[in-house]
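Okay, here's what each chain looks like letter by letter:
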Amino acid sequence: MLFYISCASLIIWIILFWFIVLLRINVKGKAITIYWMVFVVSYAVFCFWAEPSVSDDLYRHYMLIDGLRQGNNLKGHFVDTMVLFKFILFIVSKTQNNGWLPFTTILVWGWLIYKTIKKYISKNVFTTRAVMLYFMALIAAFCSFNLVSGIRNSLCVAIFLYSLYYNYLEGRKLRHYLILAFFSFIHLVMSFFFVLQLVYELINIMRKKGLRIMWIVLIVAAGIFSTGFIGRLFAGEPGLLGTLSEKWALYHEWKREYS
């Protein structure tokens, strides 16, 4: 019954979306945030019954959860170094249904975006149509397939944006970087954000000091990251650094194959 209710709710949500955008209907800030959470809850309930295909990341996650229920450990699997995500899988394995994984993670993802939207519309002048188009861009970026199958990546992006808005831009930089470091153990994309923001900090420092060496640093960094140097740097090392090295090597192998 809940599945059918969620389907009906999503259809109504989409119809209302086009009415609001095409007819330029003005909606108050609180109503906009409620409207967003209706989508999040409906979609989370819908995904509780998701049946992933063998090519989906979610299928791999479900296989690992089933293995945990049978008493297996995750040693040697891709989540071995992702200790935080491995703990999440362990918690889900104590339930009777694998659907709790996409259900809870989509709720957290949606709540983080809800908090970001709520803060923004409370401090800035906005139009309803602009916010609706933002929703459309957001859902397009995290399309239904990627949001469910690649929930680790989507969740980390939401955590990064939330922390950026609530911590970094408010001057709590140390807390922001600690959050990035902690949640790197869900998905390696958070490590990428961590490094990218450190490079951003370096550029700002150099700009303030008027150092032209900034361009040299950027050119050298571009040269390093466009080669397989990073992949060879920690090759064979255990833990997170070894995993990063392996992923980088696979990326360059893929690039050579399809370029």
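Above this text you will find the structure in question.
Residues numbered from 1 in each chain as written. Predicted model: local features only at pLDDT ≥ 70, side-chain atom pairs only at ≥ 80, totals over all residues. Heavy atoms only, no water.

Caption draft 1: A look at the side chain of His176. Looking at the element boundaries, His176 is found in helix H9 (residues 173-183). Residue classification places His176 among the buried positions, given a relative accessible area of 0%. Ignoring any residue separated from it by four or fewer positions in sequence, one finds His176 in contact with Phe160, Ser163, Leu164, Asn167, Tyr168 and Gln197. (Helix = DSSP H or I, 4+ residues; strand = E, 2+ residues; numbered from the N terminus. Buried < 20%, exposed > 50% of the residue type's maximum accessible area, 1.4 Å probe, protein only. Contact = heavy atoms within 4.5 Å.)

Caption draft 2: Representation of helix H4 (residues 83-93). Turning to H4, its buried residues are Leu84, Phe85, Leu89, Val92 and Ser93. As for H4, its buried residues are in contact with helix H3 (57-69), helix H5 (100-123), helix H8 (151-166) and H9.

Caption draft 3: A look at the packing of helix H2 (residues 29-48) against H5. Put simply, H2 and H5 touch, their axes get as near as 8 Å, and they point 170 degrees apart. Considered as vectors, H2 and H5 are oriented roughly antiparallel to each other. In the contact of H2 with H5, the residues fall into 21 nonpolar, three polar and one charged. (Axes fitted to C-alpha atoms, helices over the stretch in contact; angles between N-to-C directions. Parallel < 35°, antiparallel > 145°, perpendicular 65-115°, else oblique. Nonpolar A, V, L, I, M, F, W, Y, C, P; charged D, E, K, R; others polar.)

Caption draft 4: Geometry of the pattern of salt bridges. Summed over all chains, the structure comprises four salt bridges. Its salt-bridge partner being Lys119, residue Glu170 comes within 2.9 Å of it at the nearest N-O pair. One end of the pair, Glu170, is in the loop between H8 and H9; the other, Lys119, is in helix H5, and 51 residues separate them in sequence. Note on Glu170: relative accessible area 40%, which makes it partly exposed. A relative accessible area of 12% places Lys119 in the buried class. We note a salt bridge from Lys173 to Glu201, for which the minimum N-O separation is 3.5 Å. Of the two residues, Lys173 sits in helix H9 while Glu201 sits in helix H10 (residues 189-209), which places them 28 residues apart along the sequence. Under the relative-accessibility criterion, Lys173 is labelled partly exposed at 38%. Classification of Glu201 by relative accessible area gives buried; the value is 15%. (Salt bridge = Lys/Arg side-chain N within 4 Å of Asp/Glu carboxyl O.)

Caption draft 5: Seen up close, the packing of helix H1 (residues 2-23) against H2. Where H1 contacts H2, the two axes come as close as 8 Å, and the packing angle between them is 145 degrees. The element H1 and its partner H2 pack so that their crossing is left-handed. Residues Leu2, Phe3, Ser6, Cys7, Ser9, Leu10, Trp13, Leu16 and Phe17 of H1 touch H2, and the partners they reach there are Tyr35, Val38, Phe39, Ser42, Tyr43, Val45 and Phe46. Here the contact of H1 with H2 is built from residues that sort into 13 nonpolar, three polar and no charged. (Left-handed = near helix turned anticlockwise from the far one by under 90°.)

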